[in-house]
Amino acid sequence: MGLTSKKLELLIALLALASFAGTVYLWPRLSGRNWKAVLGRVGTLLLSQLLSLMALALVANNWGGFYSSFSDLFGTDQGATPAIVDHSKPASDGKGLGGVTVQDSKPVALQLGGAAAGAKGGTVEQVTVHGGSTGLNEDGYVYLPAAYKDPAYKNKKFPVVVVFTGYPGTAENLISRMKYPTIAAQAIYQKKMPPTVMVLLRPSVAMPRDNECQDIPGGPQAQTFFSQDLPRALATTYNVSTDGKAWGVIGDSTGGYCALSLAMREPNSFTAAASLSGYYKAAEDSTTGDLFGGSQALRNQANLMWRVQHLPAVPVSLLVTSSKTESDYKATEAFIKAVTAKPPFQISSLYLTSGGHNFNTWNQETPLALPWVANKLSVPSSQGA
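Before going into details, it helps to say that this report is about the structure given with it.

Criteria and thresholds
Every residue gets a number counted from 1 within its own chain, in the order that chain's sequence is written. At least 70 in pLDDT is required for a residue's local features to be given in this predicted model, at least 80 for side-chain atom pairs to be given and counted, and no such filter applies to totals for whole chains, interfaces and linings, which use all residues. As a convention, hydrogens and water are excluded, and side-chain values are obtained from all of the structure's heavy atoms. Strands here are runs of E lasting at least two residues and helices are runs of H or I lasting at least four, both read from the DSSP assignment and numbered beginning at the N terminus. The buried label applies to any residue whose accessible area, calculated with a 1.4 Å probe on protein chains only, is under 20% of its type's maximum; exposed applies above 50%, and partly exposed to all values in between. Contacts: residue pairs with any heavy atoms within 4.5 Å of one another. Every accessible area reported is derived by Shrake-Rupley at a probe size of 1.4 Å, with residue values counting cover from the shown protein chains alone. One fewer than the residue count of a helix, multiplied by 1.5 Å, yields its expected span. Bending is quantified residue by residue as the angle between axes fitted to the seven-residue window ending at that residue and the seven-residue window starting at it. In the analysis that follows, any N or O atom pair within 3.5 Å is treated as a polar contact, provided that within protein one partner can donate a hydrogen and the other can accept it, and provided that, for residues neighboring in sequence, both atoms belong to side chains. Throughout this description, the term nonpolar core refers to a set of buried Ala, Val, Leu, Ile, Met, Phe, Trp, Tyr and Cys residues connected via side-chain atoms within 4.5 Å. Cysteine sulfur atoms that come within 2.5 Å of each other are treated as a disulfide pair. In this tally, Lys and Arg are treated as positive and Asp and Glu as negative; His is ignored, and so are the chain termini. What counts as a salt bridge is simple: a side-chain nitrogen of Lys or Arg found within 4 Å of a carboxyl oxygen of Asp or Glu. Exposure above 30% relative accessible area and no salt bridge define the residues that can form patches, which grow by joining like charges within 9 Å and nonpolar side chains of Val, Leu, Ile, Met, Phe, Trp and Tyr within 5 Å. Strands are labelled as partners when DSSP assigns at least two bridges between them. For a crossover, the right-handed case is the one in which the path from the first strand over the helix to the second runs clockwise, viewed with the strands pointing away from the viewer.

1. Some thoughts on the overall build of the chain
So, point 1. Within the chain, the secondary structure is distributed over eleven helices and nine strands.
So, point 2. Scored against the burial criterion, the 385 residues of the chain give a buried share of 49%.
So, point 3. Looking at the chain alone, contacts between residues at least 24 apart form 73% of all its contacts between residues at least 6 apart.
So, point 4. In the structure as shown, the chain presents an accessible area of about 18300 Å², 58% of it carried by carbon and sulfur atoms.

Shown next as structure tokens:
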């Protein structure tokens with residue numbers, strides 16, 4: 001049973017209840033003052049409390065999607081560490097393009113009242129993306145719209161939206177909790193956005209470390225992976241454009257910061273970005289370690305307000321979201337003001353009446369933010385737009 005297995009969650013909950021009942025039943029028999037009775041009381045209490053805490057932790061993890069496996073939890077899912085490569089699999093073409101390994105594929109239900117009979121929502125494929133230049137490998141999902149298999153689109157390249165979780169979220173959350181494939185399928189069917197491929201990933205390519213989508217000196221090159229490796233790798237398997245005008249990015253929390261950061265730092269790779277409750281300066285704490293190798297210049301460049309104020313503006317479109325009750329409201333207002341004064345930056349905002357830093361807030365914003373990003377993308381005519 002895996003860490004997120006419902007069977008494991010139920011088993012530990014039943015054991016916790018059994019332990020509690022056993023403690024109540026045995027307590028009178030352990031009321032003596034001899035050392036055996038004392039140890040018995042201590043042991044039953046510790047076991048009952050430990051199982052209860054484990055049950056609560058499993059429920060919390062499955063709700064928040066913090067860790068996807070035991071290796072993820074215990075820090076053995078490193079991603080960037082050396083690995084044995086099976087050369088019988090087409091993970092790379094030897095030219096630094098990388099590639100994509102597809103493990104599974106499932107249809108996406110349209111889930112839209114009034115849809116025409118037989119209307120389809122597309123497909124979600126579980127994948128591993130192999131970075132040709134960074135050597136990084138990242139698990140995630142690729143959403144293919146229903147039009148992807150339409151013969152009318154055979155010679156057309158598709159635009160791409162990269163979708164990020166927060167840290168330490170899992171890519172599964174983007175499907176189970178935030179329902180990006182369903183939202184995309186419905187928006188495409190209702191012609192609120194063009195047929196668009198999505199890549200659903202977590203922003204940390206070397207878990208359990210939070211790398212804030214930075215190229216870390218002597219460490220994981222996350223910025224290069226997302227801006228260079230990912231488009232090239234995806235194009236080896238899917239009919240997608242690699243032109244930066246056809247690529248956008250959206251994310252929540254850490255993923256929101258990464259979305260803005262990548263678009264502002266890599267305008268040749270991304271043309272639009274949406275940040276749901278994102279922040280504007282790279283986090284630095286025990287989960288990140290030293291992101292900048294002691295360099296204040298690199299630290300400054302990871303501060304998005306600093307970039308707006310001190311570096312030339314770039315032609316990208318940004319969307320930021322918040323609410324007046326959210327902790328990032330004032331920072332978001334200041335960012336909007338700064339960016340508005342620096343064309344060719346373009347910035348839009350989406351404010352809720354109320355909302356916190358949570359899935360409920362993001363689920364209200366996603367149906368508007370995702371089409372906003374997709375409608376900013378364009379595939380060059382030379383690539384079969």
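After presenting the structure, the write-up continues.
2. Comments concerning helix α11 (residues 359–374)
So, point 1. Its 16 residues give α11 an end-to-end C-alpha distance of 21 Å, which sits within 8% of 22 Å, the value for a rise of 1.5 Å per residue.
So, point 2. Remark: the principal bend of α11, roughly 45 degrees, maps to Thr 366, with a proline, Pro 367, within the next four residues.
So, point 3. When α11 is considered as a whole, its buried residues turn out to be Phe 359, Thr 361, Trp 362, Glu 365, Thr 366, Ala 369, Leu 370, Pro 371, Trp 372, Val 373 and Ala 374.
So, point 4. For α11, the capping residue at the N-terminal end is Asn 358, with a side-chain oxygen 3.2 Å from the backbone nitrogen of Asn 360.

3. Re the nonpolar core
So, point 1. Core analysis: the biggest nonpolar cluster contains 56 residues, and Phe 226, Leu 234, Tyr 238, Leu 318, Phe 335 and Phe 345 have the highest contact counts within it.
So, point 2. The greatest single-element share of this core, amounting to seven residues, is contributed by helix α7 (residues 254–265).
So, point 3. Residues in contact with Phe 335, not counting those within four places in the same chain, are Leu 260, Met 264, Tyr 280, Leu 304, Met 305, Val 308, Leu 318, Val 320 and Ile 347.
So, point 4. If you look at the next biggest cluster of nonpolar residues, it comprises 33 residues, including Leu 174, Met 178, Ala 274 and Leu 276.

4. Overview of the state of the cysteines
So, point 1. Scanning the model with the defined rule gives one disulfide in all.
So, point 2. Between the sulfur atoms of Cys 213 and its disulfide mate Cys 258 the distance is 2.2 Å. One quick way to see it: the torsion about the S-S bond of Cys 213 and Cys 258 is about 105 degrees, and its sign makes the bridge right-handed. Residue Cys 213 is located in the loop between β5 (197–201) and α6 (222–237), and its partner Cys 258 is located in helix α7; the two are separated by 45 residues in the primary sequence.

5. Structural notes on the side chain of Glu 266
So, point 1. The topology assignment puts Glu 266 in the loop between α7 and β7 (272–276).
So, point 2. The side chain of Glu 266 is buried and forms no salt bridge, while Arg 265, the nearest opposite charge, is found at 6.4 Å.
So, point 3. In this view, Glu 266 contacts Gln 223, Ser 227 and Ser 261; residues no more than four positions away in its chain are not counted.

6. Some details on the side chain of Ser 253
So, point 1. Among the structural elements, Ser 253 can be located in the loop between β6 (247–252) and α7.
So, point 2. Residue contacts for Ser 253: discarding those within four places in its chain leaves Gly 166, Leu 276, Ser 277, Gly 278, Tyr 279, His 357 and Trp 362.

7. Some points on a nonpolar patch on the surface
So, point 1. A surface patch of nonpolar side chains, amounting to about 320 Å² of accessible area, comprises Leu 10, Leu 14 and Leu 17.
So, point 2. Topologically, Leu 17 is positioned in helix α1 (residues 6–26).

8. Description of the pairing of β7
So, point 1. Counting buried positions over the five residues of β7 gives five, a clear majority of the element.
So, point 2. Residues Ala 272, Ala 274 and Leu 276 point to one face of β7 and Ala 273 and Ser 275 to the other, with burial holding for every one of them.
So, point 3. Bridge count for β6 against β7 is five bridges, and the pairing is parallel. Within β7, the position partnered with Gly 248 by the bridge is Ala 272.
So, point 4. Between the parallel pair β6 and β7, the chain is carried across by α7, and the sense of this crossover is right-handed.

9. What to know about helix α5 (residues 180–189)
Since the α-helix packs 3.6 residues into each turn, any two residues three or four apart lie on the same face.
So, point 1. Within α5, nine of the ten residues are buried, leaving the element largely enclosed by the surrounding structure.
So, point 2. Trailing α5 by a residue or two, Lys 191 shows a phi angle of about 60 degrees, which is positive.

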